[in-house]
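Listed below, chain by chain, are the residues.
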Amino acid sequence: MNSRRLVLASCLIAASIAAARAQTPSTGAEAIVGSPSFAAASDFLTRDYDRFVGELITLTEIPAPPFKETARAAAFLQMLRASGLADVETDGEGNVMGIRRGTFAQPPGDRTMLAVLAHLDTVFPEGTDVHVKRDGTRLRAPGVGDDTRALALMLTMIRAMNAAHVQTPHDILFVGNVGEEGEGDLRGAKYLLLKGKYKDRIKSFISIDGGDQGNITNGALGSKRYRVTFKGPGGHSYGAFGIVSPSFAMGEAIAKFSRITVPANPKTTFNVGVVQGGTSVNSIPAEVSMDVDMRSESPDALDKLVADFQAVVREAVAQENATRSTKEGKIEAEVKLIGDRPSGETPVNSPLVQSATAVVKAFGLTPRYSISSTDSNIPISLGLPAITIGRGPSERSHSLDEWTDVEKTAAVKAAHVALAIVLAAAQ
């Protein structure tokens, strides 16, 4: 393309962006999707499909257990550099990021930015077989959908924007973040927004971490996670029979916890996800523990559930100490908070949600609003507009038989939708 054609293309793009900003979310989305620059980006996404699938497989096959995302982060860092972003780097928490510059004329340090995140980590422990298996158009492997597909989607979107010379007023910060899953407790998003170098410049936030692209997650599901460790004297299962047992105390606590009544609306849930401890089948354990997850759409309902849970633990300890001998020592329980995800909401009538809604409708999809626990919990709790959007069709997240469908037509359309949502948010 010669210089005159580049100038003309830039003028057309700038004009379409200006028009979109002056219109309602619906007409603005239609202007973006109908613009020559978006058509060019869409054509590129189709041509880039094979590379998208290849990068998805490559990243999936790099293990990224909780707190051990370094190898995948290093690979993603190189991919971001190859995509043409500026200031590609790794921050103090391990997040990998780079900036796509906007057109606003302020000094770089004063420019507001949209942050777009996809998380690097998976729920699967070290040693999990993450080799990708093909089944028709489906790719099967632990973590292939959640959230590795979003990482690959981010890369193809950046390349499409560059190939089509798409311009946005605001800078866009693309981030592969650590610590979204489990005990990671959103540590990557927390660092980015509370301690990171761009914390004062980020004014809106999109997490790509879901399947269905008609779904817009604008609500942050609050959760509390605890590790309860029951300790006692321990002893031989025969010789010391009759003394207090941490196992019986924990079992009683689990039984009592299972009978707690919670409201269906606001939806409130609880789970005992991990139990561990003991040394042998013929030993009364000196220590056992359980990991507990509690969630609610309502902060008040969550606080009540936590209080009821803590009361159950105290009752179970007291009951075991009253039931069996304490001559060698009593049962004690240590309740440790290991996860705290705040709740909140980006209102449906906010510009960010409305622009995403308009894009979804522009592609003939039916928008739905939902509540979930994602990286968006952190910006929402800080008062920043934030949503979580879909990455494309995938199922069985957090299971060994997880899969994502990369049928070309649907995969390219998924990239179109995500790209349009990001462009609309960056106006």
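Residues numbered from 1 in each chain as written. Predicted model: local features only at pLDDT ≥ 70, side-chain atom pairs only at ≥ 80, totals over all residues. Heavy atoms only, no water.

Trainee: Explain the packing of helix H10 (residues 351-362) against helix H12 (residues 408-425) here, please?
Mentor: Orientation of H10 relative to H12, taken along the N-to-C sense of each, is 145°, at an axis distance of 9 Å. Read as a crossing pair, H10 and H12 show a hand that is right-handed. Contact residues: H10 offers Leu352, Ser355, Ala356, Val359 and Val360, while H12 offers Val417, Ala420, Ile421, Ala424 and Ala425. (Axes fitted to C-alpha atoms, helices over the stretch in contact; angles between N-to-C directions. Helix = DSSP H or I, 4+ residues; strand = E, 2+ residues; numbered from the N terminus. Left-handed = near helix turned anticlockwise from the far one by under 90°. Contact = heavy atoms within 4.5 Å.)

Trainee: Sorry if this is basic, but what is going on with the sheet that holds strand E18 (residues 394-395) here?
Mentor: The strands making up a sheet associate through backbone hydrogen bonding, with each pair oriented either parallel or antiparallel. Reading across the sheet, the four strands line up as E4-E5-E19-E18 and stay open at both edges, with antiparallel pairing between neighbours. The open sheet is flanked by strand E4 (133-135) and E18, the only strands paired with a single partner. Of the pairings in the sheet, the one linking E18 to strand E19 (residues 403-405) comprises two bridges and is antiparallel in character. Within E19, the residue paired with Glu395 across the bridge is Trp403. Of the strands in this sheet, E4, strand E5 (138-140) and E19 are in contact with helix H4 (residues 49-60), which crosses E5 at around 15°. (Pairing = 2+ DSSP bridges.)

Trainee: What should I look at first to understand the nonpolar core in this one?
Mentor: For soluble globular proteins, nonpolar side chains are generally found buried alongside one another. Counting 69 residues, the largest nonpolar core has Phe76, Ile206, Ile387 and Ile421 as its most contacted members. It is H12 that provides the largest number of residues to this core, a total of 12 residues. Setting aside residues up to four positions removed in sequence, Ile421 forms contacts with Ile206, Ala356, Val359, Val360, Ile387 and Ile389. Membership of the second largest hydrophobic core comes to 22 residues, among which are Met294, Leu302, Val306 and Val317. (Core = buried A, V, L, I, M, F, W, Y, C linked by side-chain atoms within 4.5 Å. Buried < 20%, exposed > 50% of the residue type's maximum accessible area, 1.4 Å probe, protein only.)

Trainee: Would you mind showing me how to read the packing of aromatic side chains here?
Mentor: Here the distance between the centres and the angle between the planes together describe a pair of aromatic rings. Counted according to the given criterion, the structure contains four aromatic pairs. By way of ring pairs, the aromatic residues Tyr226, Phe257, Phe270 and Phe309 are connected into one cluster. The ring of Trp403 carries the charged tip of Arg138 above its face, separated from the ring centre by 3.6 Å. (Phe/Tyr/Trp six-rings, centres within 6.5 Å; stacked < 30°, edge-to-face > 60°. Lys NZ or Arg CZ within 6 Å of the ring centre and 35° of its normal.)

Trainee: Where do I start with the pairing of strand E2 (residues 96-100) in this structure?
Mentor: Remark: a regular strand shows side chains that alternate across the two faces of the sheet. Of all five residues making up E2, five are buried, and the element is well covered by its neighbours. Covered by surrounding structure in E2 are Val96, Gly98 and Arg100 together with Met97 and Ile99, the residues of both alternating faces. Strand direction decides the pairing type here: strand E1 (residues 86-90) and E2, joined by three bridges, are antiparallel. Each bridged residue has a counterpart across the sheet, and for Glu89 the counterpart in E2 is Met97. Taking the residues between adjacent antiparallel strands as the criterion, E1 and E2 are bridged by five residues, where Gly94 takes a positive phi near 110°. As paired strands, E2 and strand E6 (residues 171-177) are joined by five bridges and run antiparallel to one another. Of the residues in E6, the one forming a bridge with Val96 is Gly176.

Trainee: Is there a simple way to explain empty space enclosed by the protein in this structure?
Mentor: Any empty space left between the atoms is revealed when a probe the size of a water molecule rolls over them. In total, this model carries two cavities of 30 Å³ or more according to the counting rule given. The computed volume of the second largest cavity comes to approximately 50 Å³. If you go around the second largest cavity, the residues you meet are Leu45, Tyr49, Phe52, Thr156, Ala411, Val412 and Ala415. Elements supplying a minimum of two residues to the lining of the second largest cavity: H4 and H12. The biggest single contributor to the lining of the second largest cavity is H12, with three residues. (1 Å grid on protein atoms, 1.4 Å probe; cavity = no way out; pocket = protein on both sides within 12 Å on 5 of 7 lines; lining within 4 Å. Points joined across faces, edges and corners; volume = space filled by probe spheres on them.)

Trainee: Please explain helix H2 (residues 25-33) as it appears in this structure.
Mentor: The α-helix advances 3.6 residues per turn, and as a result positions three or four apart in sequence lie on the same side. Restricting attention to buried positions, one finds in H2 the residues Gly28, Ala29 and Ile32. The buried side chains of H2 occupy one side of the element, clustering within an arc of 100° when seen end-on. (Arc of directions from axis to C-beta.)

Trainee: Just checking my understanding: could you explain the sheet that holds strand E9 (residues 222-231) for this structure?
Mentor: The strand order across the open sheet built from four strands is E11-E13-E9-E14, with neighbouring strands paired in antiparallel fashion. Sheet topology places strand E11 (268-277) and strand E14 (332-341) at the edges, where each strand pairs with a single neighbour. Direction aside, neighbouring strands of the sheet carry axes that sit 20° apart on average. Strand direction decides the pairing type here: E11 and strand E13 (residues 287-296), joined by nine bridges, are antiparallel. If you follow Thr268 over to E13, its bridge partner there is Ser296. Strands in contact with helix H8 (residues 246-258) are E9, E11 and E13; relative to E13, the strand with the most contacts, it is inclined by about 15°.

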